[in-house]
Structures are given as C-alpha cells and as structure tokens.
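Observations on chain architecture
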Amino acid sequence: MMSSVNETFEDNLYEGYNDYHSAFNTKNIDQDIFLQEALLKSSYGRRARIPTGFKTPGTGMRLGTSSGFKDVTGMPLRPVTGRTDTAQRPMTAVSGAGYTSQRRGPSGFVVGPMTSSMSRSELLEERVEDKIKRQEKNIMSLVDESCIAASKKNFPLALEKAKEASAKERNLIRLQEQAGLGDTHNIDLTYLVLFNLASQYENNEMSNEALNSYSVIIRNRMFQNSNQLKINMGNIYAKAGQIPKAIKMYRMALDQVPNTFKDLRVKIMHNIGLLFVRLGQYNDACSSFEYIMQERPNFKAGLFALLCHYAMGDKDKMKHSFKNLLDSRLDIDEDKYQITDSNESSKLVMELIRDDKLSRLEKKLKSYAHSAILTAAKLISPVIDVNYNLGYNWCLEAVNNSFHASLAGELEVNKALAALKQGSVNEAIDSLKALQKRGDLRLATTAATDLSFIHYLQGNLDEAEKYGELAKEADSYNSGAYVNLGNVALSRGDSEKAKHLYLLALDNDPSSIDALYNLGLLHKQQGEYEDALDYFLKLHSILSSHPPVLYQLAHLHQLVGDLDQAIEWFLQLLSLVPSDPSILQKLGEIYDSDNDKQQAYHYHYEAYRYLPSELSVLDWLGSYYISHRVPEKAIQFYEKAALMQPNETKWPLLIGSCHRRAGNYQAALNTYKETLAKFPGDIECLKFLVKLCSDLGLKETNEYALELKRAEKTKEVRERISSSRSGSRRSSGRSSSGRGGPSPGQMESPLPSAGGRSHVTIEAGYSDPLGPLQERPRTGMAAPKTPWAIDEDFADEEITTDLLPE
C-alpha cells in the first residue's frame, strides 16, 4: 500500500487515507443486534434516553486525523467551522480526517439512511421481541427436560423443571403486556406448560395440585379440545377412590368427544363400566360393556359383560354374552407367516418376522383371547344348565360353531380336569382317553400326560408308566412326561433312575418347577443338603414367594447348621404366612437352641396364640415359666393340656407341682388327691402325696405309704408276668434295635408319594411342619398352563395340617 502511495504522491496527496481494514467498517453497524444491545446497557445507551439534542462538532472537536471515517455512502466528510446550524458545508481539504456532515446517533455512531428514519422506541420494541423469542426458547427447553426426566421415572426432577417453566412463562406474559405485545402471545406454549405441570403433579401423586392445574386449562375457552382433559381428572378421582366424581368426569368428557373418535369413546366407556362394577351396579356396567361390544367388539369387554351377567345370575344373558364373545375377532393375518417362496433369503426374512415385536404382540393378544373364552366357559358351565356336564356341552357346541373352533380340544381337557376336581375320576379318565385317541398330536400328548398323573395318584404305577411312555413318544420334549415317569421310578425305590428322569425333564425345560422341586426333595432325603439347596435356590428364582420353597430353604440351612440364614428364610416365610403356628414354633425352637430365651418365648407364645391346642408349645411355655420361677403362670398352660389329654397323668401332676412350687400346698394336695382318685394306684402321684403329707405332718402319710408299696408290688408282678410271656419277642426287639434296626433316635419314614413304597431313614426328633403331603414328588400335570395353576398341588394343603390334633 505504501509503494502505491509513493508512486502517486504527486497526483493525489490524500489518496490512501480512505482505505481501512474491514473490521473497522461502520456501514452496517446499526444492524448489529448484539452490539446495539451492549450499547443500550452502557452509559451511552442510558444517556440516549435523556431528551437532549445532538451537538454539532466544531473545529475544536477533532474526531481524528487520518482514521478515514466515511459515511454510509462511502464519501469522505469534513467538519465545519463556526457553524451551528444543521446545514453543514463539506470541506475538501480535510476529507481524510473522517469528518462527516451527517448527524451522529446517541451512542456516537453515524446514523445512516437505514436508521435515520427509526425512532428510539422502535429500536427498543425490536429488541423486546428478540428477548421474548429467547425466553420462549428457554421455556421449551425446560419442558423438554421435564418430559425426559419423567420418562426416566425421575418424577421430582420433572416436577421441578415443570414449575420453573411455569414461572418463566408467567414472566413472559408480564413482559409482553408491559411492552404492549399481549396480542402476540403464544397460546399453545401456555397450554403446553400448564399440561406438563399438571401431568407432573399427577406423577408425583399430588392429586389436589393436579386437579387445580387441569381445572385452569379447562376453564380457558381459548384452549382447543381442553375438555378431553376431564379424562385425566376422572383417572385421578378413580385412583383416590372417589368413584361418583370419576364417573361424572368421564361422562362429561364423553359428551365432548366427537363420534368419529370411536377408540377414545370406547376407552372412556370401558372405564365407566369398571367403576360401576366397583360400585356394585352391575346393570349399569353391563350397559357400558354392551355398548362397547356394539361399537368395537373386543374380548376384554365381552368377558366383563359376561361376568356382570354372572353376578346378576341371568342365565340367558350369560349365554348371549358368551356368543358375543365368540363372535369377536382378532385382526391377525395368519397367512402372512406362511413361506410361499423357496428362496433362502425369503425363509430368513420370514423367520425374523415370526419373532419381531409385532408378532409377539399378536401372540399376546391371541393368548388373551383364548384365555378369555376358556375362562368364560369354565365360569358359566355349572350355572347355565341343570348340571355341569350339560353346561359344558353347550359351551363346546358354541365353540365348535364359532371362529375359535380350535379351542374345542382345550375345552374338553378342561372339562376332564373339572370332573377330576369334583371327584368323578372315571369320567375324567374316559374323557382323556377319548382325546388321546384323536388325531391331534398336541391334544393326545396332553391327555396322555394327565392320564399318567391320575393313575400315579391312584397308585396304579403300571398304567402311569404306560401313559407316561406314550406321552414321551408323542413329544420327546414333554417335561411333564419325564416328571411322571420319575415319580413312578421313585415310588418303586429306584432313586437313581428317578433322578435321571428328572434331569431329562430339566434338559427339555430348564424352568420345570416339578422337576426342580422333586430333585431338591430327593437330594434332601438322601442327606445331600448342599445339592438340595442348589435346586431349591433355582426354584426360588422362579417362585420367589412360594411358601413350600421358602420352608425347604429354611429347613435345609438349619440342617447344615447355618442358623442365621435359616432364621432369615423363616422370617421371609413368616411374612407370607404370618399366622402359621408351625413356622412360629420352628423359629422359637431355633432361638431356644441358640439360648435366646426371650425371642424363643416370643415366637412360642405367638404360636400358642394362633394355635392354643399344640401340646409341645404348651409344654414349652409351662417349662419356661417354671424355669423363671413363676410357676403360677405355668398352671394355665398345663390345665389346657390336661383338657386335651384327660387320660394322661403327666399334666395334673405338673399342675400339682406348680402349686407346690408356688407355696400353695393345700391346692397341690387337693390336685394330687383328685389325680389319685381318677388314676388309682398311680405310683408317681402316690410318691408326691407321701412327700407332701410328710412335709405337712398329716396323718394320711402312712396310708399313702402303704398304698404306694402295694402299687409297686403290683407293678413288679405285672412286669414278671409280661416278661415270661413275651421274652422271645423282647429279646428279638432288643437285638434289632441294638444291631440291625433303627436306633432309638431314628425312625423309618416313607418317601411321601402316592405309591409309598420307598423308605428313607430320618431323625425322629424332626417333625416337618409342612407335613408329608408337602414333600411328595411334584407331578407333571400337563394342563392347564396358567400362572395360577402352579400351586394346584398345594391347593388342598395347609402348612398347619400336621399340627392339628387327631
């Protein structure tokens, strides 16, 4: 640049002073929003609000020498000398100094033709609009963060963000009103903020706040479709138990929903029907469900309508509802899964389609439809006709004539199982045999498995094995068939074969509950406690709250000596069956063995409170009070035991002993006399009488002493006579118990099963509170395969059965 200046120095003396860097270009400086906002906040901006005139620069106010200021047109300007008017004369001599004839703005910058016509109020108004847009963007960001937090179940954070967005939205409205831009407010933004706030209140179970927020939205007529939010208000009222208010809200919302929105109207009517059921108004509930069946038939509404008619006892309407249920269809195309092209790529695509999310949803819907039909048939069959068989036959005929004829076989299986529950075993066997002979392989396998189970329970092991083999041959992956065959082998005493068959069942179905339970019992009865624990822990992962499984885990830990873990499992079991006296007694025994008498007393007393007739608990409580030197409190327990065993001399003698320990000698003497009158010649009672009378110095001492001698002589004579008559038997008994037979501390207990042929030696001191029925092998019953059918083997058993006195 300097070289060009030297070359043309003689031609133009000031050429080059007007060239400057682009960063100093002030041509469009008035359009720079950020700079204008910064200047507005500065002292120049505050000074601009003061209504003062602009001062025309004179000769004493040099704005620069060679900085090259220009106006927006690019022409150099010169300052004026001695002039104060608005008309300014340009001076050519000092054009490079940067003087201009244009008026400068309040911040000292040149006011060009673009801004010269704009007032300060217009400039401020434009900046307020920018601020409004920025605040709207911040509010939307807060709403997005609130929704994301709610999707992650972080409801407190979502509510905090929703409240912050609501506060900023109110500030935005205030700002717009102050700037006179109230008409430009975004109504949709207000609706979004209020709706999100109400939703977050609802998620945080703040019902009153949520209802108030929804009410604010509904009362504002500027919000479109706001009346549909009454559905949300109805949901809140229903959750709070205010059923009439919930129904009112649902009906108000239903009046505002157009008839074209059929799905939404059906959902509202479904909620209204359920609420009427909760109120016991089955007639109104039926009206709601029947409306749904006319507009958009589905299996859920059909089943609920049938249940309402069943509750009212209307047989004709039950039949009508069952037919409507069968007329319902699923929008599922079964043909789309058929492979028509033999191409390998097409086969792979079809295999992927069969297990995608849509196909899984379709399978779920189909399963629910079948379950609804079978449940309805099982429910109404006993009541729609004279007897159960005629009712079930009517349901079978209706199913065969419907779109769901494939369910007829499962319905016949359910009929056979229902007959079995009612005690009609022969009828159930005949029905299953008829199904077993049909051509349907699936039904034949199910029938053979159930027949094997029935014959096993009857003790007919040959027939059970026969049908078990048939079921295995029909379906080699049928775990129930292997379980039944394992039970048969176990009943015949072949534990190794039974274990092998149970393991085969697990290979085919790793989650087979029957096989896991039976393997655990088998290892437990063989003394392999660690292996038994492994199987029951696997079973616990499947059935986390099944009482028999929890008991087995607790007892196995007790057997291996881990008392702390045993107590923990027993406490978990007690949380499921808190009123079971056997578990309470078991915990008391564990604490007693651990010398924690206080906890032992607590659980024994709780067991006594739930079952006052348990003799062992009564005996322990009496002994506890005697050991703590409070014998008068032990008397009540021994008196109850004496009422339960009136022919046992142990209890009245203990009562007399308690009176004697308490210092009530007269009561003790009377008790002993009453016992002697009831049991003449009782040696123990006579001994106590002789001792007590001697201490008291009574005359009856000699009489009771003579009677005691006669009783002892009589006992010796009887023992001699009995020993002379059964000497050989006594000797053989002693040899068997001392050498080859079980020890006195052991007893023979059969493996609990239908056959009852295999015997396992267990300790006599152990009495399983769950009873032998709980430790029978689990059977491989094939049907039904519903989650609530898992406990069918325990349906007729109570944990406290074996504790009840015979």
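Residues numbered from 1 in each chain as written. Predicted model: local features only at pLDDT ≥ 70, side-chain atom pairs only at ≥ 80, totals over all residues. Heavy atoms only, no water.

So, the overall build of the protein
Helix and strand counts for the protein come out as 35 helices and two strands. Looking at the 806 residues of the protein, the share that counts as buried comes to 39%. When the accessible area of the protein is evaluated, it comes to approximately 45,800 Å², of which 51% is carbon and sulfur surface. (Helix = DSSP H or I, 4+ residues; strand = E, 2+ residues; numbered from the N terminus. Buried < 20%, exposed > 50% of the residue type's maximum accessible area, 1.4 Å probe, protein only. Areas by Shrake-Rupley, 256 points an atom, 1.4 Å probe, with all protein chains shown as cover.)

With respect to the packing of aromatic side chains
For the structure on display, the rule yields 19 aromatic pairs. Ring geometry for Tyr388 versus Tyr392: centroids 5.1 Å apart, planes at 65°, classification edge-to-face. Separated by four residues within a single helix, Tyr388 and Tyr392 lie in helix α16 (residues 388-400), roughly one turn from each other. One exposure class covers both Tyr388 and Tyr392, and it is buried. Their ring planes at 75° and their centres at 5.7 Å tell us that Tyr624 and Tyr625 sit as a pair that is edge-to-face. Residue Tyr624 shares its accessibility class with Tyr625, and that shared class is buried. Taken together, Tyr601, Tyr605, Tyr608, Trp620, Tyr624, Tyr625 and Phe637 form an aromatic cluster joined through their ring pairs. (Phe/Tyr/Trp six-rings, centres within 6.5 Å; stacked < 30°, edge-to-face > 60°.)

Side note on the pattern of salt bridges
Per the counting criterion, the structure on display carries eleven salt bridges. One salt bridge connects Asp592 with Lys597, and the closest N-O pair in it is separated by 2.4 Å. On the basis of relative accessibility, which here comes to 37%, the residue Lys597 falls in the partly exposed class. Via salt bridges that share partners, Asp462, Glu465 and Arg492 belong to a single interconnected network. (Salt bridge = Lys/Arg side-chain N within 4 Å of Asp/Glu carboxyl O.)

Re the confidence of the model for the protein
Looking at the protein, the pLDDT average stands at 77 and 74% of residues meet or exceed 70. Here strand β2 (residues 759-763) stands out as the least confident element of the protein, with mean pLDDT 29; helix α28 (residues 597-610) is the most confident, with 94. Throughout residues 48-91 the model reports pLDDT below 50, and contacts reaching past four residues in sequence, or to other chains, amount to 74 contacts. Low pLDDT (under 50) marks residues 728-774, which in the prediction has 72 contacts with non-local residues, meaning those over four places away or in another chain. (pLDDT = per-residue confidence, 0-100. Contact = heavy atoms within 4.5 Å.)

Examining helix α32 (residues 665-678)
Compared with an ideal rise of 1.5 Å per residue, which puts 14 residues at 20 Å, α32 spans 20 Å between its outermost C-alpha atoms and is within 8% of the ideal. The set of residues buried in α32 consists of Ala667, Ala668, Leu669, Thr671, Tyr672, Thr675 and Leu676. (Expected span 1.5 Å × (residues − 1).)

Observations regarding a nonpolar patch on the surface
Where nonpolar side chains cluster on the molecular surface, the patch consists of Val277, Tyr282 and Met312 and spans about 220 Å² of accessible area. Mapped onto the elements of the fold, Val277 is located in helix α10 (residues 262-279). (Patch = residues over 30% accessible without salt bridge, like charges linked within 9 Å, V, L, I, M, F, W, Y side chains within 5 Å.)

A few points about the state of the cysteines
Under the definition given, this model contains zero disulfides. Sulfur of Cys308: no disulfide; nearest cysteine sulfur belongs to Cys286 and is 4.2 Å away. Cys308 gets classed as buried once you look at its relative accessible area, which sits at 4%. (Disulfide = S-S within 2.5 Å.)

Let's talk about the packing of helix α25 (residues 547-559) against helix α26 (residues 563-576)
For the pair α25 and α26, interaxial distance at closest approach is 7 Å and the crossing angle is 160°. With respect to α26, the axis of α25 lies roughly antiparallel. α25 and α26 meet at a crossing whose hand is left-handed. Listed contacts from α26 to Pro547, Leu550, Tyr551, Leu553, Ala554, His555, His557 and Gln558 of α25 are Leu563, Gln565, Ala566, Trp569, Phe570, Gln572, Leu573 and Leu576. When grouped by side-chain class, the residues that make up the contact of α25 with α26 number eleven nonpolar, five polar and no charged. (Axes fitted to C-alpha atoms, helices over the stretch in contact; angles between N-to-C directions. Parallel < 35°, antiparallel > 145°, perpendicular 65-115°, else oblique. Left-handed = near helix turned anticlockwise from the far one by under 90°. Nonpolar A, V, L, I, M, F, W, Y, C, P; charged D, E, K, R; others polar.)

What about unusual backbone geometry?
One non-glycine residue, Lys153, lies in the positive phi region at around 65°. Its place among the elements puts Lys153 in the loop between α4 (120-151) and α5 (155-178). The backbone of Arg629 shows a phi angle near 60°, a positive value even though the residue is not glycine. Along the polypeptide, Arg629 turns up in the loop between α29 (615-627) and α30 (631-644). We classify Arg629 as exposed; its relative accessible area is 77%.

Focus on the side chain of Thr675
Following the sequence through the fold, Thr675 ends up in helix α32. With relative accessibility at 3%, the residue Thr675 sits in the buried group. Ignoring anything within four residues of it in the chain, the contact list for Thr675 reads Pro652, Leu653 and Cys685.

Digging into the nonpolar core
Generally speaking, a soluble globular protein has its nonpolar side chains buried in company with each other. Within the largest apolar cluster, 59 residues are counted, with the highest numbers of intra-cluster contacts made by Phe536, Leu539, Phe570 and Leu587. When residues in this core are grouped by element, the largest group, seven residues, is from helix α23 (residues 513-525). Discounting residues that sit within four places of it in the chain, Leu587 has contacts with Ile567, Phe570, Leu571, Leu574 and Tyr603. If you look at the next biggest cluster of nonpolar residues, it comprises 40 residues, including Ile236, Leu254, Ile268 and Leu275. (Core = buried A, V, L, I, M, F, W, Y, C linked by side-chain atoms within 4.5 Å.)

Digging into α16
Taking 1.5 Å of rise per residue, 13 residues should cover 18 Å, and α16 covers 18 Å from first to last C-alpha, within 8% of that figure. All of the buried residues along α16 are Tyr388, Gly391, Tyr392, Trp394, Cys395, Leu396, Ala398 and Val399. The inward-facing, buried residues of α16 abut α13 (315-327), α15 (357-380) and α17 (408-421). For α16, the capping residue at the N-terminal end is Asn387, with a side-chain oxygen 3.3 Å from the backbone nitrogen of Asn389. (Polar contact = N/O pair within 3.5 Å; in protein donor to acceptor, adjacent residues only side chain to side chain.)

With respect to the environment of Leu407
Mapped onto the fold, Leu407 is located in the loop between α16 and α17. Beyond its immediate sequence surroundings of up to four residues, Leu407 is in contact with His370, Ile373, Leu374 and Val399.

Some details on the packing of helix α19 (residues 441-457) against helix α20 (residues 461-474)
Interaxial distance between α19 and α20 falls to 8 Å at its minimum, and their mutual angle equals 160°. It follows that α19 is roughly antiparallel to α20 by the angle criterion. Between α19 and α20 lies a crossing of left-handed hand. Here Leu441, Thr445, Ala448, Thr449, Leu451, Ser452, His455 and Tyr456 of α19 lie close against α20, whose contacting residues are Leu461, Glu463, Ala464, Tyr467, Gly468, Leu470, Ala471 and Ala474. Its residues assigned to classes, the contact of α19 with α20 shows ten nonpolar, five polar and one charged.

What to know about the environment of Ile187
With respect to the secondary-structure elements, Ile187 resides in helix α6 (residues 187-203). For Ile187, a relative accessible area of 26% gives the class partly exposed. In the structure, Ile187 is positioned 36 residues away from Phe223 in sequence and 7.5 Å away in space, judged by C-alpha atoms. Non-local contacts of Ile187, meaning those with residues more than four positions away in its chain, are made with Met222 and Phe223.

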